[in-house]
Amino acid sequence: MSAQVDWLKILVLCKDNVKARLQSYLETATASEPALGIGAGGDPMKPVDLIAEKAIVEVLQQHCSSFTLISEESGVKEFGDNPAQYYVTVDPIDGTTNLVRGLPFYATSIAVSTMPTLSATVAALVTDLFHDVTYTALAGKGAYCDGKKITPSPVVSLEAAVIGLDLNSYNVKEIAPQLSSLIEKTKHIRHFGANALEVCYVAEGLTDAFVDIRGKLRVTDIAGGFLILKEAGGIITAPEGHMLSANLDPKQKIKFIASGNEQLHKKILSLVRLKC
Ligand code: IPD
Ligand code: CA
């Protein structure tokens, strides 16, 4: 990463702008607002998604001469003379349904990579927009929550663990049986509705693991949380146990298991029965 670009500073300015632009909007937002077509990631776009995206792009353009935007809403867009210098993967609002329903759990997620692959991610920010809590990470420099270093939980007992599980899927008849052994062994299953933030909860040790094997989540939702969890010292792999790899493309879907520690991760992997 170029020494001239202070990505953390830029990402914080991006989320500040998102918060500022959302403030007046949030006072009048309703769940019944019509969608504005389908976003690049394949889901209906709400006005709030576009307001947040615009706020991020405005700041990026002010502070970085060239970059490629990879956004859940507008898709891939190149800016400047050398767009391959940085790839900025954005989910402007993760948890749009929560936001428009007034449920206080939604986030902005931004990740910066030097190549269009998840593994080349070098800087990340996920902000809980309702509670104004910000997670950040730089590759090799650890992960932070509002400037304080974070580490995941040491809990290894499935009975004690609080485990996030995303079962939102039209395909639940196929997905649920793959997770039934895990569910049987646990007592505290959660899903709050913004997976980027839920992975940060694992990074901070608020929860102990998060499992999303639906094949429905886009890489744009997870790129920020991926680096934050890894830098915090947590584990994130494909459900088969191998390294999580993906191209940074708004249509790219991803399945993953994220855990606070290796021991718990192995237990979860052994219980998830993937359909061959
Ligand atoms: C959604 C959230 C939700 C998950 C959905 C995602 P979005 O993100 O992360 O928890 O169940 O699959 O699409 O659409 O609000 O960015
Ligand atoms: Ca979104």
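Scroll up to find the structure this text is about.
Every value quoted in this text rests on a predicted model; they were computed, and no experiment measured them. (Residues numbered from 1 in each chain as written. Chains lettered and ligands numbered in written order. Predicted model: local features only at pLDDT ≥ 70, side-chain atom pairs only at ≥ 80, totals over all residues. Heavy atoms only, no water.)

Chemist: Quick question: what am I supposed to make of the environment of L118 here?
Modeler: With respect to the helices and strands, the residue L118 is situated in the loop between β4 (107–113) and β5 (121–128). Residues L118 and E73, 45 residues apart in the sequence, show an inter-C-alpha distance of 18 Å. For L118, the contacting residues outside a window of four places in its chain are V219, A223, F226, L244, A246, L248 and I254. (Helix = DSSP H or I, 4+ residues; strand = E, 2+ residues; numbered from the N terminus. Contact = heavy atoms within 4.5 Å.)

Chemist: How should I be thinking about the coordination of the calcium ion (ligand 2) in this particular structure?
Modeler: Angles at a metal have ideal values that depend on geometry: 109.5 degrees with four tetrahedral donors, 90 or 180 degrees with six octahedral donors. At the metal site, the calcium ion (ligand 2) is ligated by E72 (OE), D91 (OD) and I93 (O), and these contacts range over 2.3 to 2.5 Å. Positions of the donor residues of the calcium ion (ligand 2), expressed as sequence spacing, correspond to E-x18-D-x1-I. Relative accessible area serves as the criterion here: at 0%, D91 is assigned to the buried category. (Donors = N, O, S within 2.8 Å, 3.2 Å for Na, K, Ca; no water. Buried < 20%, exposed > 50% of the residue type's maximum accessible area, 1.4 Å probe, protein only.)

Chemist: Honestly, the pairing of strand β11 (residues 209–218) in this entry has me stumped. Any pointers?
Modeler: Judged by how many residues are buried, β11 sits mostly within the fold: 8 of 10 residues are covered. Here 3 bridges tie strand β9 (residues 162–165) to β11, and the two strands are oriented parallel to one another. Across the sheet, the residue bridging to G164 is F210, located in β11. Alignment of β11 against strand β13 (residues 253–259), held across 6 bridges, turns out to be antiparallel. Within β13, the residue paired with V211 across the bridge is I257. (Pairing = 2+ DSSP bridges.)

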